[in-house]
Amino acid sequence: MTHIVAVLIWLMAEVGLAQTYPALPVLGNIRCGDSQSSSVTVASGGNLQAAIDAAPRGHTIYLEAGGTYAGPIVLKSKTGTGCITIRTNTDDDLLLVYNRVAPGQTALLAKITAPGSNLTAIETEDGASYYKLIGLEVTPVNGAAATSNLIVLGSTTHSSVSQVPHHIELDRLYVHSAGTSSLKRCIELNSASTIIKNSYVSGCKNVGQDAQAIAGWNGPGPFSITNNYLEGSTENVLFGGADTTITNMVPSDIYFGQNYVAKPFTWRNPNDGLLVANGSWDSSTWAIKNLFELKSSKRVLIEGNIFEVSWPQGQSGYALVFTVRNQDGANPWNTVEDVTVRHST
């Protein structure tokens, strides 16, 4: 039977209560590590996929800042554990290692594009592991390029954890739609041991279908999602919401900290009787629901975030929703348990 267990919300400060506290996430060593051996630079418009295919463990692939590389790019499964880094050639002193990337920094980033026909910009091969992406802009090639998912880590059809990609880091990425075009999902997070940090994820929106900045349901975790701006029309962030194809799997050990989670005012339809503030409506009726939802998850720490700008439309517009769902009837083991929310606004 589905259930919600030990959910504790700390709004402003921890309060001592005579009860058992929720278990906190156990992340372990989920970092990709450092790349320390050879390197290669791929010129703008060059064959990035060939460089990835040929890259040995520990290799760094440099891409030209301001350059463009056509996707879909596939992160391949390789033997060993050395981290393969794919990054802009902008020096970290300019990119600011611990700062969140911003849309105004595109000249410092290398761009990877989704070509349309609902193809991705970046995806993983079964079992791909130990990849780090730094300083990239990821976007459809233009506003007419039909795109469902920009970055896909894992698969919706994996039946075993052994197939799931792991030890993936996304650092200082600017992931976004092309203008007012629809984009169902910016990052599909069906992986294990994954870090998403210091990134700006925006324009993840759709009409008549749910859309998210980050959504995961077929990957076990652990996940560390820190210091990002996350913008999605339906749910900005969602765990669960679709049936996993891995028996007894629940997304687990999730750290969600220091993120800014919001929807832009331009998505607010004035025909709903709500005031449009800080910008005019973009004339599209996007599917608006809530900011952060857990429908299947265990050991989650939500800490030090700002959640704001949400309104009733498709649903009530809550900041946080914890509701167990055996979405399509095939996952009776689904649960939401051991969730801690603290020091968030």
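Reference entry: report on the structure contained in this document. The residue numbers shown here count from 1 along each chain, following its written sequence. In view of the model being predicted, local features appear only for residues whose pLDDT reaches at least 70, and side-chain atom pairs are presented and counted only at 80 or more, with totals across whole chains, interfaces and linings using the full set of residues. The basis for the side-chain values is all heavy atoms of the structure; hydrogens and waters are excluded.

## Concerning the pairing of strand E15 (residues 192-197)
To keep things clear, this is the line we draw: Throughout, exposure labels follow a simple rule: accessible area from a 1.4 Å probe, protein chains only, divided by the maximum for the residue type, with under 20% read as buried, over 50% as exposed, and the rest as partly exposed. Strands here mean DSSP runs of E at least two residues long; helices mean DSSP runs of H or I at least four residues long; both are numbered from the N terminus. Whether two strands pair comes down to DSSP finding at least two bridges between them.
Most of E15 is tucked away, with five of its six residues classed as buried. Pairing analysis gives five bridges linking strand E12 (residues 166-171) to E15, with the strands arranged parallel. By the bridge assignment, Leu-170 is partnered in E15 with Ile-196.

## With respect to the layout of surface pockets
Our working rule: Definitions used throughout: a 1 Å grid over protein atoms alone; a cavity as a set of points that fits a 1.4 Å probe which cannot get out; a pocket as an open set with protein on both sides within 12 Å along at least five of seven lines; a lining residue as one with an atom within 4 Å of a point. Grid points are joined across faces, edges and corners, and a volume is the space filled by probe spheres set on the points. Only Asp, Glu, Lys and Arg are considered charged, only Ala, Val, Leu, Ile, Met, Phe, Trp, Tyr, Cys and Pro nonpolar, and every remaining residue, Gly among them, polar.
One number sums up the size of the largest pocket: a volume of about 200 Å³. In terms of lining, the largest pocket is formed by 14 residues, of which the most central are Val-97, Lys-132, Asp-171, Arg-172 and Lys-197. Looking at the lining of the largest pocket residue by residue, the class counts come to three nonpolar, two polar and nine charged. Quantified by volume, the second largest pocket comes out at close to 160 Å³. If you list the elements that add at least two residues to the lining of the second largest pocket, you get strand E17 (212-216) and strand E20 (235-239). Of the residues belonging to the lining of the second largest pocket, the class tally is four nonpolar, four polar and six charged.

## Here we look at the pattern of salt bridges
The condition that has to hold: The term salt bridge refers to a side-chain nitrogen of Lys or Arg lying within 4 Å of a carboxyl oxygen of Asp or Glu.
Going through the model one piece at a time under the given rule, you end up with eleven salt bridges. We note a salt bridge from Asp-171 to Arg-172, for which the minimum N-O separation is 3.0 Å. Judged by its relative accessible area of 3%, Arg-172 falls in the buried class. When the shortest N-O distance is used, the salt bridge between Asp-253 and Arg-299 registers 2.7 Å. Taken together, the positions of Asp-253 in strand E21 (residues 252-257) and Arg-299 in strand E24 (residues 297-303) put the pair 46 residues apart, joining distant regions of the chain. Classification of Asp-253 by relative accessible area gives buried; the value is 10%.

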